[in-house]
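The chain contents come next:
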Amino acid sequence: MSERRKYKKRYCKYCESKVDFMDYKDVGALRFSLSERYKIMPRRLTGNCKRHQDMISAVIKRARAAALVPYTVTRKTVVSAPFENLK
Ligand SMILES: [Zn+2]
């Protein structure tokens, strides 16, 4: 059963690396909580704690407003590694 689940480790990655502040310009740090279609991953999948999920959602929305992360992804622009062209 556990092998079938894509996200099996249920711990907060941001607590583990002791993140207290997130920069919306640091898109690489946001990738943990974005799906391949740039949607914000729900907490039940990532295992983020409430505090960091609130933080990441605010930061991702800010990054979207600054055009660092797209709001929508069409079928053509979906790629397997969405952040490769951003680096
Ligand atoms: Zn956390």
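In case you missed it, the structure is sitting above this.
A brief structural summary. These figures come from a predicted structure and were not determined experimentally. (Residues numbered from 1 in each chain as written. Predicted model: local features only at pLDDT ≥ 70, side-chain atom pairs only at ≥ 80, totals over all residues. Heavy atoms only, no water.)

### Remarks on the pattern of salt bridges
Argument step 1. For the structure shown, the criterion picks out three salt bridges.
Argument step 2. Between Asp54 and Lys50 there is a salt bridge, and its shortest N-O distance comes to 2.8 Å. Of this pair, Asp54 and Lys50 are both found in helix 4 (residues 50–65), four residues apart, which corresponds to roughly one turn of the helix.
Argument step 3. Residue Asp54 is classed as partly exposed on the basis of its relative accessible area, which comes to 40%. (Salt bridge = Lys/Arg side-chain N within 4 Å of Asp/Glu carboxyl O. Helix = DSSP H or I, 4+ residues; strand = E, 2+ residues; numbered from the N terminus. Buried < 20%, exposed > 50% of the residue type's maximum accessible area, 1.4 Å probe, protein only.)

### Details of the coordination of the zinc ion
Argument step 1. Every protein donor of the zinc ion is listed here as Cys12 (SG), Cys15 (SG), Cys49 (SG) and His52 (ND1), and their distances to the metal cover 1.9 to 2.3 Å.
Argument step 2. Around the zinc ion, the four donor atoms are arranged such that angles at the metal cover 101 to 114°; this shape is classified as tetrahedral.
Argument step 3. Binding-site remark: the zinc ion is held by donors from one chain whose sequence spacing is C-x2-C-x33-C-x2-H. (Donors = N, O, S within 2.8 Å, 3.2 Å for Na, K, Ca; no water. Tetrahedral: all angles 85-135°; square planar, octahedral: opposite > 155°, others 65-115°.)

### Regarding the environment of Ser33
Argument step 1. Residue placement: Ser33 occurs in the loop between helix 2 (27–30) and helix 3 (43–46).
Argument step 2. Classification of Ser33 by relative accessible area gives buried; the value is 0%.
Argument step 3. Between the C-alpha atom of Ser33 and that of Ser57, which follows or precedes it by 24 residues, the distance is 8.5 Å.
Argument step 4. Contacts of Ser33, omitting those with residues within four sequence positions, involve Tyr14, Lys39, Ile40, Met41, Asn48, Ile56 and Ile60. (Contact = heavy atoms within 4.5 Å.)

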